[in-house]
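Understanding the architecture of this molecule
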Amino acid sequence: METTQVWALPEGGFQAEISAAQQRFRQNGDWVDIDLTLHRRSDGTIAAMAHPNDLRITAARSGAEQADLASFLVDGERLGMSWAGALPEPTLDGPRATYAEALPGVDLVVEATQTGFEQFLIVKSREAVAAVQQIRLGITGVGIASQTLDSQGALTLRNRSGHEIARVPTPEMWDSSHQAGDGRPQRTRQIPPSMAARSVRADASAGSDLVLTPDIAWMLDPQTVFPVVIDPVLSPAPSVTFDTYVWEQDTSANSTNNDLWLGLISGKRSRSFVHWSTAALVGKQITASTVSFYSFWSQVCDPKSWEIWPTGPASESTLWDSQPAWYDADPTTPGDQPAATSTETIGGTPCGDGWSTIDGVRFFQYAADHAWTIAPMGLRATNEYDSDVFRQYRSINNTATSIHPKAVVTYNSYPKISSRATNPATVCVTGTGRPAIQTMTPTLSATVGDDDGSTTSVAFEWWAVGASAPIGSATVTGIASGATASVTVPKGQLDQGGRYQWRVTVSDGMANTVAAWCEFATYVTVPPVDGCERGAAGDFNGDGVRDTVVGDPKAMYNGQYNVGAVYIVDGASGAVTPLRQGSAGVPDTPEAEDGFGASVAVFDANRDGCADLAIGSPFEDVGAVVDAGSAMIVYGAPGGLGTGPATLLVAQGASLGEGRGATPDTPEAYDWFGHAITAGLTAQGEPYLIIGAPGEDVGTAVDAGIVHYLRGTINIAFDQATVGVGAAELDDRTGFALASTPDAFAVAQPGEKLGDGTEFAGSVCVFSHVFTGSLPTVQRCVSQDATGVSDTAESGDLFGMSVAMVPYRPAGTAAGSLLVVGAPGED
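A brief structural summary.

Reading the values: the criteria
- Residues numbered from 1 in each chain as written.
- Predicted model: local features only at pLDDT ≥ 70, side-chain atom pairs only at ≥ 80, totals over all residues.
- Heavy atoms only, no water.
- Pairing = 2+ DSSP bridges.
- Helix = DSSP H or I, 4+ residues; strand = E, 2+ residues; numbered from the N terminus.
- Disulfide = S-S within 2.5 Å.
- Buried < 20%, exposed > 50% of the residue type's maximum accessible area, 1.4 Å probe, protein only.
- Phe/Tyr/Trp six-rings, centres within 6.5 Å; stacked < 30°, edge-to-face > 60°.
- Lys NZ or Arg CZ within 6 Å of the ring centre and 35° of its normal.
- Salt bridge = Lys/Arg side-chain N within 4 Å of Asp/Glu carboxyl O.
- Contact = heavy atoms within 4.5 Å.
- Polar contact = N/O pair within 3.5 Å; in protein donor to acceptor, adjacent residues only side chain to side chain.
- Core = buried A, V, L, I, M, F, W, Y, C linked by side-chain atoms within 4.5 Å.
- Axes fitted to C-alpha atoms, helices over the stretch in contact; angles between N-to-C directions.
- Patch = residues over 30% accessible without salt bridge, like charges linked within 9 Å, V, L, I, M, F, W, Y side chains within 5 Å.
- Areas by Shrake-Rupley, 256 points an atom, 1.4 Å probe, with all protein chains shown as cover.
- Lys, Arg positive; Asp, Glu negative; His and termini not counted.
- Charge placed at Lys NZ, Arg CZ, Asp CG, Glu CD.

**So, the pairing of strand β2 (residues 14-19)**
Relative to β2, strand β1 (residues 4-8) runs antiparallel, the two being bridged by five bridges. Within β2, the residue paired with Gln5 across the bridge is Glu17. Where β1 folds back onto β2 in an antiparallel hairpin, the turn is made up of five residues, including Gly12, whose phi is positive at roughly 105°. Bridging between β2 and strand β33 (residues 406-413) involves six bridges; their strand directions are antiparallel. Residue pairing in the sheet places Ile18 in a bridge with Ala407 of β33.

**Describing the state of the cysteines**
Within the structure shown, the criterion is met by four disulfides. Covalently, Cys428 is tied to Cys518 through a disulfide, its sulfur atoms 2.0 Å apart. Where Cys428 bonds to Cys518 through sulfur, the torsion about that S-S bond is close to -110°, and the disulfide is left-handed. With Cys428 in the loop between β35 (426-427) and β36 (436-437) and Cys518 in strand β43 (residues 518-522), this pair connects stretches of sequence that are 90 residues apart. On the accessibility criterion, Cys428 (26% relative accessible area) is partly exposed. When its relative accessible area of 0% is taken as the criterion, Cys518 is described as buried. Put simply, Cys532 and Cys610 are joined by a disulfide, and their sulfur atoms are 2.0 Å apart. When the S-S torsion is -90°, as for the bridge of Cys532 with Cys610, the disulfide is left-handed. Separated by 78 residues along the polypeptide, Cys532 in the loop between β43 and β44 (548-552) and Cys610 in the loop between β47 (599-603) and β48 (612-617) bring together distant segments of the chain. Given the relative accessible area of 0%, Cys610 is considered buried. Cysteine pairing in the protein chain follows 1-2, 3-4, 5-6, 7-8, where each cysteine in a disulfide is numbered by its order in the sequence.

**A short note on the sheet that holds strand β34 (residues 416-423)**
Spatially, β35-β34-β37-β40 is the arrangement adopted by the four strands of the open sheet, whose pairing is antiparallel. A single partner strand is all that each edge strand has here, and the edge strands are β35 and β40 (484-488). Note: strand β37 (residues 443-449) against β40, five bridges, orientation antiparallel. The partner of Thr443 across the bridge, within β40, is Thr488.

**Thoughts on the packing of aromatic side chains**
Evaluated as defined, the whole model comprises 25 aromatic pairs. Three or more aromatic residues joined by ring pairs form one cluster here, namely Tyr709, Phe718, Phe745, Phe767 and Phe771. A cation over an aromatic ring shows up here: Lys268 above the ring of Trp247, its NZ or CZ 3.9 Å from the ring centre. Over the ring of Trp309 we find Arg380; its NZ or CZ atom is 4.3 Å from the centre of that ring.

**Overview of the pattern of salt bridges**
Summed over all chains, the structure comprises 24 salt bridges. Here Arg362 ties to Asp330 by a salt bridge, and the two come within 4.0 Å at their closest N and O atoms. Taken together, the positions of Arg362 in helix α2 (residues 361-369) and Asp330 in the loop between β28 (306-310) and β29 (340-342) put the pair 32 residues apart, joining distant regions of the chain. Arg362 gets classed as partly exposed once you look at its relative accessible area, which sits at 36%. We note a salt bridge from Asp451 to Lys416, for which the minimum N-O separation is 3.0 Å. Pair noted here: Asp451 is in the loop between β37 and β38 (456-464) and Lys416 is in strand β34, with a separation of 35 residues, a long-range link. Residue classification places Lys416 among the partly exposed positions, given a relative accessible area of 43%. Connected through salt bridges with shared partners, the residues Asp54, Arg56 and Arg78 form a single ionic network.

**Thoughts on unusual backbone geometry**
The omega angle of the peptide bond from Phe226 to Pro227 is 5°, so this bond is cis rather than trans. Tracing the backbone through its elements, the reader meets Pro227 in the loop between α1 (216-220) and β22 (228-231). The omega torsion of the bond from Asn423 to Pro424 falls at 20°, within 30 degrees of zero and hence cis. Tracing the chain through its elements places Pro424 in the loop between β34 and β35. Of note in this structure, Asn28 is not a glycine but carries a positive phi near 55°. Along the polypeptide, Asn28 turns up in the loop between β3 (24-27) and β4 (30-33). Since its relative accessible area comes to 76%, Asn28 is described here as exposed. Here the phi dihedral of Glu101 falls at roughly 55°; this positive angle occurs in a residue that is not glycine. Relative accessible area serves as the criterion here: at 42%, Glu101 is assigned to the partly exposed category.

**Some points on the environment of Tyr99**
Tracing the sequence through the fold places Tyr99 in strand β11 (residues 96-103). Of the residues examined, Tyr99 reaches a relative accessible area of 0% and is grouped as buried. In this structure, Tyr99 is in contact with Ile57, Thr58, Ala59, Leu69, Leu87, Pro88, Pro90, Val106, Asp107, Leu108 and Val110, ignoring residues within four places of it in sequence. Polar side-chain contacts of Tyr99 include one of 2.3 Å to the backbone oxygen of Thr58.

**Examining the nonpolar core**
In a soluble, globular protein the nonpolar side chains are often hidden away together inside. In this structure, Leu79, Tyr99, Val123, Leu157 and Leu234 are the most contacted members of the largest nonpolar core, which totals 50 residues. Setting aside residues up to four positions removed in sequence, Leu234 forms contacts with Phe72, Leu79, Gly80, Met81, Gly116, Phe117, Leu157, Ala166, Arg167 and Val168. One finds Ala16, Trp276, Trp306 and Leu379 within the second-largest nonpolar core, a separate group that totals 34 residues.

**Topic: the sheet that holds strand β45 (residues 565-569)**
What the three strands build is an open sheet, ordered β44-β45-β46; its pairing is antiparallel. With one partner strand each, in any of the chains shown, β44 and β46 (576-579) form the two edges of the open sheet. Pairs of neighbouring strands in the sheet enclose a mean axial angle of 20°, with direction left out of account. As paired elements, β44 and β45 share five bridges and run antiparallel to each other. Each bridged residue has a counterpart across the sheet, and for Val550 the counterpart in β45 is Tyr567.

**Quick word on a negative patch on the surface**
Residues Asp756, Asp785, Asp791, Glu794 and Asp827 make up a contiguous surface patch of negative charge. Take Asp827: it is sitting in the segment after β60 (816-822).

**A closer look at a nonpolar patch on the surface**
On the surface, Val806, Tyr808, Leu818 and Val820 cluster together into a nonpolar patch covering about 360 Å² of accessible area. At the level of elements, β59 (802-808) and β60 are the ones that each hand at least two residues to the nonpolar patch. Examined against the element boundaries, Val806 turns out to sit in strand β59.

**A closer look at the side chain of Ser356**
Looking at the secondary structure, you find Ser356 in strand β30 (residues 354-359). Not counting residues up to four positions away in its chain, the partners in contact with Ser356 are Val291, Ser292, Phe293, Ser295, Trp306, Glu344, Ile346 and Tyr393.

Printed below as a string of structure tokens:
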């Protein structure tokens, strides 16, 4: 780039060397360093060795006609300044061409600048003043369509599209007296607008004449020290390079001066502004930076604090009273803060000239974070009323191309996260739009990249929505730029109906990028329903009020006996709504002797806030199989039961959906599947459903009974022998009654024959929701003969014909459950 060179670093990242001045340009496809040394060409013209705008300067000529003195290219067309009259052969000295005695007693000097040129008229004596009473300079170029002169006397040239193409700052003149210390001319004089008029040629497209009328009285004042310099400058419109300084009470713009000031001088404060080309840094992480200014004058060599700040852009017309805004470089701390301070002081008589440096990390990070392609910087003294702080730096107008403000910036591209997905295939969303996915082990994916081409590590973490700590995390390393990293949430970490959020952090070893949250809900039966979030326990419609359910398995319907029904009592209005097979949202057909509603359980099966209702029909014929029994889950929704997700039919051998397989076993006559149901949420918040089939034959043991347990992807059936609490025997009727709490559940077998031969004495076994292997863990089995249970087991007691449980936690003990058992056959 014109101002910037970038190197890739072996340890990763990049280093940019940035100059405030243009240092190079493209020529025939190659980058060429600027070299302002003038030389004579074979065609007789004089040119710089390497100038970005192809500066040409005239050689000696005779005649009085007006012709180009110097010109350069703007948008492929020449734009220049012309001179009327003969010119001697110039003397070349570096970037300067001096035409001695171009006017009587007046030398004409053309000096190449980084982008254009500067012209000096050196009036060598009082006698020569008569030769410069009026100076007419032609501004030529076919691309010039309009010229405007501002109130300060600066000329702006525009093309046919109205875009600025070049400018002539307000011309100045100064004598050879110098102020002590700073070397600034003691007597200066602008050529004000009233004294600098212009007359447009007949061919306006070819340019205009700039007429300068110097203040002759000022020049002839006895205080004036000759020679006097008159200085018009013609430069292309600035692109990325610019600097200037401002000084209290100074009405002269200083963007063409060769120096920058900061500190107190002659009792007045001064500050400087430098523009940096920072397009390469936009959006980057700045890891190190040093900014350097070449100091050629300071009041003292003692350490004196000075600062750099991010500012608004300055311009050629910027004065002390029209400074750009100074921005707080660290809004996280009280008060406005500079980007950096330095006490490095160089340029005084004992310490000599040299580079004065300051840390640039915060300044360039500010520019990178604010996407500044041009970054204006302000320089000022920390104590602006201490005259010892004053110093002068070389500006971009200094013709020594290596002595300009410069910076070294080490930076790194932040790794990027271009896309995220929760699989099964869903995009990243949050809030009520979160997807519901039918799996407890989703795959989380992120496509990442790094503009530097570095490999990255990608860290995933997943949380319950609103939690204060993650559930789990995993990191994938060595991911190439543009590749996708994925992890699968391990089994057992997510719950049915849970709401979860996840995020990903990508690191290239130097910088981290953290993505926003993605959310999802899990389900194994049906997805959660929106609008239920404020539901209360037992609230079917999510209005925040608990509802009531009453089962009536003996209810008649259409003249048929024992069809069964369930009645829903709205907790808010008291309205009663019957629910039966064939109602809206409830499958199957009402039939005699189904016993629909013989068992009911209320729980939030999909964890959406609306309670759901499990209903048993133990005497339902399944196809031609008499009294095989069935159950169903009717889901809650804001419109009430049956208005949300489709009802889930649960029957032996029927599919439960993806990931859960089919309910174990097959329907058989008189199984009475659904005779008892209990459901709820475990202590970990996972929904469970337990269904008894007390008429199930186990091998040759008729009516031994089994229990079906469903939780998440767990879908098992067990009898007494399976879980090791006895043998499956004739008429045990395991699962005839069920009860549960978040920690445990009870299974009754009221037909249990005890070891001493007592028939139909009955027993109850309690299990934990925590499994041992693939089966629930046995906590205890009790009968009336058990220790701690009053009475004696007797034939026909039917202990366990009904059971109930409630959570019970005495102070200072672990979680427990209180079990209540009915024995209706007790004498």
